[in-house]
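One letter stands for each residue in the lines below.
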Amino acid sequence: MITDRHCFALDLIDDANLIEEYKKYHESVWPEIVESIKDAGIQDLQIYLVANRLFMIMDVSENFSFEQKSQSDAANPKVQEWEHLMWNYQQALPQAKKGEKWMLMEKIYHLKK
């Protein structure tokens, strides 16, 4: 059961060839990465692109924890390999802290029925 939604932003290096390569990798994400996402309690994950800006929507279950996901990723060599590879295409947002990649976005509006 989905209990929360988190949205993130990140930039890609503004190079058309690199952006196309990045998109290709996401056509067939490594199975170990998909498994690590699901095991963390992430129910649905979508990434959108406009120009070189990425927007990620992540719906999570009640057992999801940012801290546990971070620890699990740090201990998983395949996730570290994927993250290192993706960093060849990604660049931090201008306001990001050192080492920060995906930045959590603040929800400022929600239309309700």
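Below: a short report on this structure.

Analysis parameters
Residues numbered from 1 in each chain as written. Predicted model: local features only at pLDDT ≥ 70, side-chain atom pairs only at ≥ 80, totals over all residues. Heavy atoms only, no water. Helix = DSSP H or I, 4+ residues; strand = E, 2+ residues; numbered from the N terminus. Buried < 20%, exposed > 50% of the residue type's maximum accessible area, 1.4 Å probe, protein only. Polar contact = N/O pair within 3.5 Å; in protein donor to acceptor, adjacent residues only side chain to side chain. Patch = residues over 30% accessible without salt bridge, like charges linked within 9 Å, V, L, I, M, F, W, Y side chains within 5 Å. Areas by Shrake-Rupley, 256 points an atom, 1.4 Å probe, with all protein chains shown as cover. Salt bridge = Lys/Arg side-chain N within 4 Å of Asp/Glu carboxyl O. Arc of directions from axis to C-beta. Contact = heavy atoms within 4.5 Å.

### Regarding the environment of asparagine 63
Relative to the assigned elements, asparagine 63 resides in the loop between strand 3 (53-61) and helix 3 (66-74). Asparagine 63 sits in the partly exposed class, given a relative accessible area of 48%. For the pair asparagine 63 and aspartate 39, spaced 24 residues apart in sequence, the C-alpha separation works out to 9.9 Å. Within polar-contact distance, the side chain of asparagine 63 engages the side chain of serine 61 at 2.3 Å.

### Some details on the environment of glutamate 21
Positionally, glutamate 21 belongs in helix 1 (residues 16-25). For the pair glutamate 21 and glutamine 43, spaced 22 residues apart in the sequence, the C-alpha separation amounts to 26 Å. One polar contact links glutamate 21 to tyrosine 89, side chain to side chain, over a distance of 2.8 Å.

### With respect to the environment of glutamate 20
Note that glutamate 20 resides in helix 1. With a relative accessible area of 42%, glutamate 20 lands in the partly exposed category. In this structure the C-alpha to C-alpha distance between glutamate 20 and glutamine 95, which are 75 residues apart in sequence, comes to 25 Å. There is a polar contact of 3.2 Å between the side chain of glutamate 20 and the side chain of lysine 23.

### What about a nonpolar patch on the surface?
On the surface, Ile108, Tyr109 and Leu111 cluster together to form a nonpolar patch covering roughly 440 Å² of accessible area. Tracing the backbone shows isoleucine 108 in the segment after strand 5 (103-104). Relative accessible area serves as the criterion here: at 75%, isoleucine 108 is assigned to the exposed category.

### Overview of helix 4 (residues 77-86)
Considered for burial, the residues of helix 4 that qualify are Val79, Trp82, Leu85 and Met86. The buried residues of helix 4 all sit within an arc of 125 degrees when viewed along its axis, so they share a single face. Opposite the packed face of helix 4, turned more than 90 degrees from it, sit the exposed residues Pro77 and His84. On its buried side, helix 4 packs onto helix 1, helix 2 (31-39), helix 3 and strand 4 (90-91). A distance of 2.9 Å separates the backbone nitrogen of lysine 78 from a side-chain oxygen at the start of helix 4, and that oxygen is part of asparagine 76.

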